[in-house]
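Notes for the structure review
Letter by letter, the chains look like this.
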Amino acid sequence: MKTLSIRPISIALGLTAASIGVRAEAPSKASAAAAFGTIYKVLQSPRCVNCHIKGDSPLQGDAGTPHTQNVVRGPEGKGVPGLACTDCHGAANVPASYGPAMPPGAPGWHLPPPEMKMVFQLVSKRDLCASLKDPKRNGGRTLEAIASHLESDPLVLWGWSPGEGRGPVPIAHDELVNAVKAWIGGGAPCPATGEATALPKSAEGSQTASPN
Ligand code: HEC
Ligand code: HEC
């Protein structure tokens, strides 16, 4: 009789613990996945895609047209002699009074090197997530290093003050930083299926492949 009365209690406790476990875990996984959606939107902004290109010619403007004057990546991502990035791009934007179409500036303006292109252009949510986590494709970074790059790298921060004639990244920088924390804190999940593999549609202009 005693065992009969104890059993249902332990079963009931077991179920309760299991359902608490599910409740405590589900929101953090779901919010980590949602947080990656925010990160993806930032990375698909023309301010980021224009340097994180598949080809070898950086893109310009919100429409993502190929860079004028046949500017190319070069062996280190810094252009080629006579057309080095820093020949035209200074350490800061020129004053707004110069008007639009001026070369934007931030410290160390250049592209990733040809052997590690760190492509965001025309990359699905799932593939971009995987490449961000892959040290062979992300510049040998840990997730913590990715987080601090997104928090304070000058080329990233430039996206929120891009100079006359260009729109800033459409999501606040604080919101990105919080999303990165939520994503990594929730185990940095990557989308598995469905629309996650679709190519980005929002910034179609900047997604036209560069000619190289
Ligand atoms: C002027 C070109 C340029 C712009 C603009 C730019 N980046 Fe980058 N980005 C680079 C370069 C160069 C590296 C590689 C730096 C290194 O490894 O030393 C890099 C590396 C990265 C990395 C780490 C590598 C990876 O792919 O995981 C991330 C993340 C990143 N950038 C995010 C951004 C975001 C977000 C924006 C827009 C807000 C942006 N970048 C805008 C040039 C740029
Ligand atoms: C001969 C001068 C010159 C050189 C060299 C040059 N750029 Fe530019 N770049 C410009 C000018 C001017 C603009 C602005 C064009 C506009 O807004 O209409 C620009 C714009 C850009 C933009 C667009 C920013 C945006 O989001 O709209 C990127 C990205 C860029 N350059 C990257 C590079 C990289 C990387 C290099 C070296 C591989 C480089 N540029 C070399 C003059 C130059």
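Look up: the structure comes first, before these words.
Treat the numbers as computed from the prediction; the structure is a model and nothing was measured. (Residues numbered from 1 in each chain as written. Chains lettered and ligands numbered in written order. Predicted model: local features only at pLDDT ≥ 70, side-chain atom pairs only at ≥ 80, totals over all residues.)

1. Focus on the site of ligand 1
The test is simple: We call a residue near a molecule or strand if the C-beta atom, set from the backbone, is within 6 Å of it. The helix count covers DSSP runs of H or I at least four residues long, the strand count covers runs of E at least two residues long, and both are numbered beginning at the N terminus. In this classification, Asp, Glu, Lys and Arg are treated as charged, Ala, Val, Leu, Ile, Met, Phe, Trp, Tyr, Cys and Pro as nonpolar, and every other residue, Gly included, as polar.
Surveying the vicinity of ligand 1 reveals 24 residues, the closest of which are Cys48, Cys51, Met118, Asn138 and Gly159. Elements with a contribution of two residues or more to the shell around ligand 1: helix 1 (2-43), helix 2 (46-49), helix 5 (143-152) and helix 6 (154-158). Residues belonging to the shell around ligand 1 are distributed by class as follows: 15 nonpolar, seven polar and two charged.

2. Describing the environment of leucine 155
As a reminder, the rule being used: Throughout, a residue-residue contact means that the two C-beta atoms, derived from backbone geometry, are no farther apart than 7 Å.
Here leucine 155 lies in helix 6. Excluding residues that lie within four positions of it along the chain, leucine 155 makes contacts with Ala106 and Gly108.

3. Some details on the site of ligand 2
Neighbouring ligand 2 are 25 residues; Gly79, Cys85, Cys88, Ala101 and Pro103 lie closest to it. Only helix 2 and helix 3 (85-88) provide two or more residues apiece to the shell around ligand 2. In terms of residue count, the dominant contributor to the shell around ligand 2 is helix 3 (three residues). Counted by class, the shell around ligand 2 contains twelve nonpolar, nine polar and four charged residues.

4. So, helix 7 (residues 173-185)
In an α-helix, one full turn covers 3.6 residues, which means residues spaced three or four apart are oriented alike. Put simply, the test is: To estimate the expected span of a helix, subtract one from its residue number and multiply by 1.5 Å. Labels follow a simple rule on C-beta atoms placed from the backbone: if 20 or more others lie within 10 Å of a residue's own, it is buried; if 12 or fewer, it is exposed; otherwise it is partly exposed. When we speak of the arc, we mean the arc of directions from the helix axis to the C-beta atoms.
Here helix 7 spans 18 Å end to end across 13 residues, near enough to the 18 Å set by a 1.5 Å rise per residue. The complete set of buried residues in helix 7 reads Leu176, Ala179, Val180 and Trp183. Seen from one end, helix 7 has its buried residues packed into an arc of 105°, which puts them on one side. For helix 7, the exposed residues lying more than 90 degrees away from the buried face are Asp174 and Gly185. The positive-phi residue at the C-terminal boundary of helix 7 is glycine 187, with phi of around 90°.

5. Some words on the nonpolar core
As a reminder, the rule being used: By convention the nonpolar core is taken to be a set of buried residues drawn from Ala, Val, Leu, Ile, Met, Phe, Trp, Tyr and Cys and joined through C-beta atoms within 7 Å.
Counting residues in hydrophobic clusters, the biggest one holds 21 residues, and the most contacted among them are Phe36, Ile39, Leu43, Leu128, Ala179 and Trp183. Secondary-structure elements contributing two or more residues to this core are helix 1, helix 4 (125-132) and helix 7. Top contributing element to this core by residue count: helix 1, with six residues. In contact with leucine 128, other than residues within four places in its own chain, are Tyr40, Leu43, Phe120 and Val123.

6. Looking at the packing of helix 5 against helix 7
Rules: Angles shown run from 0 to 180 degrees and are taken between the N-to-C directions of axes, each axis being a line fitted to C-alpha atoms and, for helices, limited to the stretch in contact. Oblique is the label for every angle not falling under 35 degrees (roughly parallel), over 145 degrees (roughly antiparallel), or within 65 to 115 degrees (roughly perpendicular).
Put simply, helix 5 and helix 7 touch, their axes get as near as 9 Å, and they point 170° apart. Between helix 5 and helix 7, the crossing angle belongs to the class labelled roughly antiparallel. Here helix 5 contributes Leu143, Ala147, Leu150 and Glu151 to the contact with helix 7, which in turn contributes Leu176, Val177, Val180 and Ile184. Here the contact of helix 5 with helix 7 is built from residues that sort into seven nonpolar, no polar and one charged.

Purely spatial values, then, with no claim about function.
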